[in-house]
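# Report on the structure
The chain contents come next:
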Amino acid sequence: MILYPAIDLKDGQCVRVLHGDLSTATVFNNSPADQARAWADGGFHWIHVVDLNGAVSGRAVNEAAVEQILSAVSIPVQLGGGIRTLADIERWIEAGVSRVILGTVAVTEPEIVRQAARAWPEQIAVSVDVRAGKVATQGWTESSDLDAVTVAKRFEDVGVSALIVTDIDRDGTVMGFNVDAFGAIADAVAIPVIAAGGLASVDDIVKLKARAGTPIHGAVLGRALYNGAITPAEALKVAA
C-alpha cells in the first residue's frame, strides 16, 4: 500500500483544516518546501499536495509554493485544487507534477477528465470527496446529488490512474478511517482507490490492508502524521 503524506496549502503555508473549512486552518510549516523535504527524508515515495485556496476559487492560488515543492524533492508529487481545464493540467504536468487530481470537473465536466486521461495516460487521478454519502465540489463548498460510485464509474476504462476518495465527515478529525466505506467503493470500480479522511493511527492502515475484497491501493496521511500520533517509519513499516 502506497502512503501519501499530505501537504495542504493555504496562503502559501502548510496547514491542516477540519472538514475542509479553511477558517479552521492550523499552520504546521511556513515552508511547504521544507515540509516536502521532511516527508521525502522520512522515506515516503509520493507526496499529496492540495491547493486549498485554489479548490475554492477554481484557479491556482498557491503556484509559488507548489513550484517550490517540486524543486525541493525528487519523489513524485500528485496535485489537486483548482485545476479545471486542459491548459491547467498541461501546465502542471510540464512543471513536473507526476499526477494531476481532478475533482470538481469530474462532476461538472466529466469530458475534461476523459480527454485528460487520454492525453496523459496514468497521470490523471479523480478526487471523489464525499459528505453524507454525496459528492461535494468547489473545494467542498457545494454538494451534488451524486454518490461516489456513480461518479467513479464515469471514468472506468479511460486511463484514470487512481480514485482519491475523501471522507469529508471525518477529514481532519483523527477519528479513524471508515474502512467499510472505502472498501465498498474499491469493490465497485476497477480504478485503484486511495483512502483519505480521518486516519488516526497505524491501526487504520492495518485495517485497510486486512479487509477482504479488492485491495485499497493507498492512503493519505494528514493530521495524525503532523501531530505525531504516527511516525513515517511506523506507517511505512505496516504499509509495506
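Residues numbered from 1 in each chain as written. Predicted model: local features only at pLDDT ≥ 70, side-chain atom pairs only at ≥ 80, totals over all residues. Heavy atoms only, no water.

## Details of the overall build of the chain
Counting its regular elements, the chain contains eleven helices and twelve strands. For the chain, whose C-alpha radius of gyration is 16 Å, the value lies close to the compact-globule estimate of 18 Å for 240 residues. If you line up the chain on its principal axes, its C-alpha atoms span 40 × 40 × 30 Å. Burial analysis of the chain (240 residues in total) assigns 55% to the buried set. Across the chain, every contact between residues at least 6 apart in sequence was considered, and the portion connecting residues at least 24 apart equals 69%. Element-wise, carbon and sulfur atoms account for 50% of the exposed surface of the chain, whose accessible area totals about 9,400 Å². Positive and negative side-chain charges of the chain, numbering 19 and 28 respectively, have mean locations separated by a distance of 3 Å. (Helix = DSSP H or I, 4+ residues; strand = E, 2+ residues; numbered from the N terminus. Rg over C-alpha atoms; globule rule 2.2 N^0.38 Å. Buried < 20%, exposed > 50% of the residue type's maximum accessible area, 1.4 Å probe, protein only. Contact = heavy atoms within 4.5 Å. Areas by Shrake-Rupley, 256 points an atom, 1.4 Å probe, with all protein chains shown as cover. Lys, Arg positive; Asp, Glu negative; His and termini not counted. Charge placed at Lys NZ, Arg CZ, Asp CG, Glu CD.)

## Here's the deal with the pairing of strand β2 (residues 13-18)
Here strand β1 (residues 2-10) pairs with β2 via three bridges, running antiparallel. By the bridge assignment, Leu9 is partnered in β2 with Cys14. As consecutive antiparallel partners, β1 and β2 are separated by two residues, and within that stretch Asp11 has a phi angle of approximately 55 degrees, a positive value. Judged from the four bridges that link them, β2 and strand β3 (residues 21-29) form a sheet pairing that is antiparallel. In the sheet register, Arg16 faces β3, and the bridge partner there is Thr26. (Pairing = 2+ DSSP bridges.)

## Topic: helix α9 (residues 202-210)
Inspection of α9 places Asp204, Ile205 and Leu208 among the buried residues, and these make up the whole buried set. Buried residues of α9 fall within an arc of 100 degrees about the axis and therefore sit on the same side. Residues of α9 that are buried make contact with β1, α8 (179-188), β11 (193-196), β12 (218-221) and α11 (232-239). (Arc of directions from axis to C-beta.)

## Remarks on the side chain of Gln35
Of note, Gln35 is situated in helix α1 (residues 32-41). When its relative accessible area of 8% is taken as the criterion, Gln35 is described as buried. If near-sequence neighbours (up to four positions away) are discounted, Gln35 is found in contact with Ile7, Cys14, Asn29 and Tyr226.

## A few points about α1
Turning to α1, its buried residues are Pro32, Ala33, Gln35, Ala36 and Trp39. Take α1 and look down its axis: the buried residues cluster within an arc of 160 degrees, on one side only. Of the residues trailing α1, Gly43 is marked for its positive phi of about 105 degrees.

## Some thoughts on the environment of Gly198
The residue Gly198 is located in the loop between β11 and α9 in this model. Beyond its immediate chain neighbours, meaning those up to four positions away, Gly198 contacts Arg170, Asp171, Gly172, Thr173, Val174, Met175, Gly176, Phe177 and Asp204.

## Concerning the pattern of salt bridges
A full pass over the atoms with the stated rule returns ten salt bridges. Close ionic contact of Asp11 with Lys10 constitutes a salt bridge, the shortest N to O distance being 3.0 Å. Classification of Asp11 by relative accessible area gives exposed; the value is 53%. Across the pair Glu67 and Arg91 runs a salt bridge, and its minimum N-O distance is 3.0 Å. Of this pair, Glu67 sits in helix α3 (residues 63-72) while Arg91 is found in helix α4 (residues 86-95), placing the two residues 24 residues apart along the sequence. Members of the salt-bridge network, linked through shared partners, are Glu111, Arg114 and Arg118. (Salt bridge = Lys/Arg side-chain N within 4 Å of Asp/Glu carboxyl O.)

## Details of the packing of aromatic side chains
In total, this model carries five aromatic pairs according to the counting rule given. With a centroid separation of 5.1 Å and 50 degrees between ring planes, the pair formed by Phe28 and Tyr226 is classed as tilted. Note that Phe28 is positioned in strand β3 and Tyr226 in helix α10 (residues 223-226), a separation of 198 residues in sequence. Given a relative accessible area of 13%, Tyr226 falls into the buried group. (Phe/Tyr/Trp six-rings, centres within 6.5 Å; stacked < 30°, edge-to-face > 60°.)

## Topic: empty space enclosed by the protein
Scanning the entire structure with this criterion turns up two cavities of 30 Å³ or more. Space inside the largest cavity adds up to approximately 560 Å³. Around the largest cavity, the lining is made up of 43 residues, and of these Val50, Ser127, Asp129, Trp140 and Thr166 lie nearest the centre. With three residues, helix α2 (residues 52-57) is the largest single contributor of residues to the lining of the largest cavity. The wall of the second largest cavity is formed by Asp51, Ala60, Asn62, Glu63, Val66, Leu79, Gly80, Gly81, Ile83 and Trp92. If you list the elements that add at least two residues to the lining of the second largest cavity, you get α3 and β5 (77-80). For the lining of the second largest cavity, the per-class residue count stands at five nonpolar, three polar and two charged. (1 Å grid on protein atoms, 1.4 Å probe; cavity = no way out; pocket = protein on both sides within 12 Å on 5 of 7 lines; lining within 4 Å. Points joined across faces, edges and corners; volume = space filled by probe spheres on them. Nonpolar A, V, L, I, M, F, W, Y, C, P; charged D, E, K, R; others polar.)

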